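Residues per chain are reported as follows:
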Amino acid sequence: MGRSQPATPQKQLVASSISSHSPVYQALLRAGPRLKPLQQVHAHLIVSGTHHNFFLLTKLILLACTSKSAIYTRNLFIFSIKSPDSFIFNNLIRISSKFRFPRDALFFFRRMLLSRIPPSNYTFTSVIKTCADVAALRLGSVVHSHALVNGYGLDSFVLAALVAFYSKCGKLRVARKVFDKMPDRSLVAWNALISGYEQNGFAKESVELFNLMLESGTIPDSATFVSVLSGCAQLGALELGCWVHGYVLQNGFPVNVVLATALINMYARCGKVREAREVFNQMTVRNVVTWTAMISGYGIHGYGSEAVELFHGMRACGPPPNEVTFVTVLSACAHAGLVSEGREIFASMTRDYGLIPEVEHHVCMVDMLGRAGMLDEAFSHIRKLTKPAPAVWTAMLGACKMHKKLNMGVQAAEHLLALEPKDPGHYVMLSNVYALAGRMDRVEMVRNKMMMRGLKKQVGYSTIEIDRKTYLFSMADKSHLETSEIYRYLDDLIRRIGEAGYAPAKDSVLHELEEEEREYALRYHSEKLAVAFGLLKASNGTGIRVVKNLRICEDCHLAIKFISDVTHREITVRDKLRFHHFRDGLCSCADFW
DNA sequence: ATAGGGTTAG
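Sequence order sets the numbering: in each chain, residues are counted from 1 along the sequence as written. For naming, the first written chain is A and the first written ligand is 1, with later ones following in the order written. It should be noted that, the model being predicted, local features are given only for residues of pLDDT at least 70 and side-chain atom pairs only at 80 or more, the latter also being counted only at that level, while totals for whole chains, interfaces and linings use all residues. Values shown for side chains rest on all heavy atoms present in the structure; no hydrogens or waters enter the calculation.

Q: Is there a simple way to think about the overall build of chain A in this case?
A: Strands here are runs of E lasting at least two residues and helices are runs of H or I lasting at least four, both read from the DSSP assignment and numbered beginning at the N terminus. Scanning chain A from N- to C-terminus turns up 31 helices and 6 strands. By its C-alpha atoms, chain A is 110 × 55 × 50 Å across when sized along the principal axes. Type-normalised accessible area, obtained with a 1.4 Å probe on protein chains alone, sets the label of each residue: buried when under 20%, exposed when over 50%, and partly exposed for intermediate values. Sorting the 593 residues of chain A into buried and exposed places 49% on the buried side. The accessible surface values rely on the Shrake-Rupley method and a 1.4 Å probe; as for residues, cover is taken only from the protein chains in view. Surface accessibility of chain A: about 29300 Å² in total, with carbon and sulfur atoms responsible for 55%. Only four residue types enter the charge count, namely Lys and Arg as positive and Asp and Glu as negative; His and the chain termini do not. Charged side chains are reduced to one point each, which is NZ for Lys, CZ for Arg, CG for Asp and CD for Glu. Placing the 69 positive and 53 negative side-chain charges of chain A at their respective mean positions leaves the two points 11 Å apart.

Q: Is there a simple way to explain the pattern of salt bridges in this structure?
A: Pairs can form between side chains of opposite charge whenever their charged atoms are close. One speaks of a salt bridge when a side-chain nitrogen belonging to Lys or Arg is within 4 Å of a carboxyl oxygen belonging to Asp or Glu. Taken as a whole and judged by the stated rule, the model has 21 salt bridges. Salt-bridge contacts for E465 lead to R545; the nearest nitrogen and oxygen are separated by 3.4 Å. In this pair, E465 sits in strand β1 (residues 461-466) while R545 sits in strand β3 (residues 544-548), placing the two residues 80 residues apart along the sequence. Accessibility classification places E465 together with R545 in one group, the buried group.

Q: I keep staring at the packing of helix α26 (residues 424-436) against helix α27 (residues 440-452) and nothing clicks. Help me out?
A: How two helices sit against one another is set out by the angle between their axes and by the gap between those axes. Axis geometry follows a simple rule: fit a line to the C-alpha atoms, using only the stretch in contact for helices, then measure angles between N-to-C directions, giving values from 0 to 180 degrees. At a closest axis distance of 8 Å, the pairing of α26 and α27 adopts a crossing angle of 170°. In terms of orientation, α26 and α27 fall into the roughly antiparallel class. Seen from α26, the contacting residues are P424, Y427, V428, L430, S431, Y434 and A435; seen from α27, they are M440, R442, V443, V446, K449 and M450. For this classification, under 35 degrees means roughly parallel, over 145 means roughly antiparallel, 65 to 115 means roughly perpendicular, and everything else is oblique. Any two residues having at least one pair of non-hydrogen atoms within 4.5 Å are treated as being in contact.

Q: Help me out: how do you make sense of the protein's contact with DNA strand B in this one?
A: Around DNA strand B sit 47 residues in total, of which N191, Q199, D221, N287 and H335 are the nearest. For DNA strand B, the fraction of protein-proximal atoms (within 4 Å) that sit in sugar or phosphate groups is 47%. One of the side-chain N or O atoms of Q199 is found 2.2 Å from a phosphate oxygen in DNA strand B. What qualifies as a polar contact is a pair of N or O atoms within 3.5 Å, subject to a donor-acceptor requirement within protein and to the restriction that residues adjacent in sequence count only when both atoms come from side chains. The contact in question runs from a base nitrogen of DNA strand B to an N or O atom on the side chain of N256, over 3.0 Å. Near, as used in this document, describes a residue that has one of its heavy atoms within 4 Å of the molecule or strand being considered.

Q: Whenever I open this one, the packing of helix α18 (residues 288-300) against helix α20 (residues 323-336) confuses me. Can you help?
A: Two numbers describe how α18 lies on α20: the axes approach to 9 Å, and their chain directions differ by 15°. Comparing the axis directions of α18 and α20 gives the class roughly parallel. Crossing geometry of α18 relative to α20 is assigned as left-handed. Between α18, through V288, T292, I295, S296 and G299, and α20, the contact on the second element is made entirely by V324, T325, T328, V329, A332 and H335. Looking at side-chain class alone, the contact of α18 with α20 contains 5 nonpolar, 6 polar and no charged residues. By definition, any crossing whose near helix is turned counterclockwise from its far helix by less than a right angle is left-handed, and any crossing with a clockwise turn is right-handed. When residue character is reported, Ala, Val, Leu, Ile, Met, Phe, Trp, Tyr, Cys and Pro are called nonpolar, Asp, Glu, Lys and Arg charged, and the others, Gly included, polar.

Q: Whenever I open this one, the UniProt feature "repeat: PPR" (unreviewed entry) in chain A confuses me. Can you help?
A: UniProt positions are given in the numbering used here, feature names are shortened, and annotations may be inferred rather than shown by experiment. When the UniProt feature table is mapped onto this chain, "repeat: PPR" (unreviewed entry) is found at residues 85-119, 186-220, 256-286, 287-321 and 322-357. Annotated as residues 256-286, this span is 74% helix and 0% strand, and its ends, taken at the C-alpha atoms, are 10 Å apart.

Q: Is there a simple way to explain the domain arrangement of chain A in this structure?
A: Reports of interface size often rely on the accessible area that becomes lost once the parts have come together. With domains assigned, chain A is organised as domain 1 (10-122), domain 2 (358-457) and domain 3 (461-587). All the domain ranges listed were derived from an automatic or database domain assignment. One C-alpha centre belongs to domain 1, the other to domain 3, and the line joining them spans 66 Å.

Q: In this structure, what is going on with the sheet that holds β3? I would like to understand it.
A: At least two DSSP bridges between two strands are needed for those strands to be called paired. Read from one edge of the open sheet, 6 strands run β2-β1-β3-β4-β5-β6, paired in mixed fashion. Edge positions in the sheet fall to β2 (469-474) and β6 (586-587), since each has one partner strand and no second. The pairing of β1 with β2 spans 6 bridges and is antiparallel. If you follow I466 over to β2, its bridge partner there is K469. Packing of helix α31 (residues 554-567) onto the sheet brings it into contact with β4 (571-574), β5 (579-583) and β6, and relative to β5 it is tilted by some 40°.

Here it is, written out as structure tokens:
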């Protein structure tokens, strides 16, 4: 029957005769995703007259795209492929999106629409992923409607991609809405939203969703654990973090590098640096992120020499440190007063690794020199910079406050306020510098300026985890069920530490308040409330772990030292910058923070 | 052929 057909397209005949066993196809496979070999095979196709073969051209262009040769791929697309089919379009879009060539992915998508080839769920997932990569909210929303119109409103792949997309754009409410409407939620959809919450700072929501996931009977995987552990790290939720670790081990889930690194980070940020090191030691494969997480862990606990030692270990037998590694090790030096070590490490950055110091490294250097009381050196470090970033001046101002250097502090603050006139934190700092110098007239002036500009001090709060639940306290908080008990207990504690020699450090309260209000405000700072609650609730012998969103104040620091002494309890406070381990009336930061 | 993951200064 085939014979009786008119001799229609020679092409078709050739196409059918070329299979995946043919020598040319094998040559393409051998070439793989490499530009030069592909072009050689291409030349061979032309010479042998098979360069119109659709099957071969499809393989060629997809390999070209995989080889990341964007120009060659586009040329093949424009000049060699007469009428690309949906398979070619979908794969070009997918590969371009996978290798982060968003412009190409969108180019092919537009061409697909212009060719009137209907996009499929494959098309939409890749295009949405591309929109997520470049956080193109408007475009992504248009593609979303497009997907709905094309009948993919219930497709689990498309919807999972949309959840990830809205999460990446910070639109968690929309992401949640899409997620809630999914008829059957895939593991990836759960993971995308859990990660979305965590990445956008909504650790609590992330953990809550994880619990819903378990209740729904969906089995989590390593990506789930990684996001939840990051959430635990954010929250300082050690109990939950330990539970996740146990769950992973008991159920025999494989612990890969990323998961182990997330565990290190969780333990370190929950105050358990020894446990973090244990995970680190047990790993067989460690990459630069692993090492950096461990060094950072030591740093935030004030264990500068351990951080430096590990850094040298990394130099000797680990992967090359990257710019993040240097930030963490320099910060560790700054917090531990390791000036000469820090200087040497800073120098090695460019000398040994060809890394150019960025703003964050300069911030660490200024912080390090400034904390150590070497304010002139810190200042001259700034002067060497062509355009000092605000953060550098923030570090300088912090050092001036610490060492009560009024003139230099005012100078730093002036630079800072010129650069960032809307940051309330800078005004607070400056007013504190004036207060410490006894210039109450100036304190008043800064406060007025702040009010006139409609700026408000950031609200401080502290959290504490009891029985895998996190409780939040703000200053003079009375929203808790056991408020009266907590206040009674705290008042009694303050009486006891008063007998032991504690006197409120009234200077450390923000001078927005009148004299008689100050002591009251200090007395019921969120961290004190959280500590009191912890002492009431946590069983004897266990440590108290509090997380504060801002830096701990001078008075709370002093009070908690006394509290650790009179109650014989270990108290850990993680503030915005680092850990304070209080024990027997002393703090691990040695009052150097 | 489809979607999700770990480290960063003040």
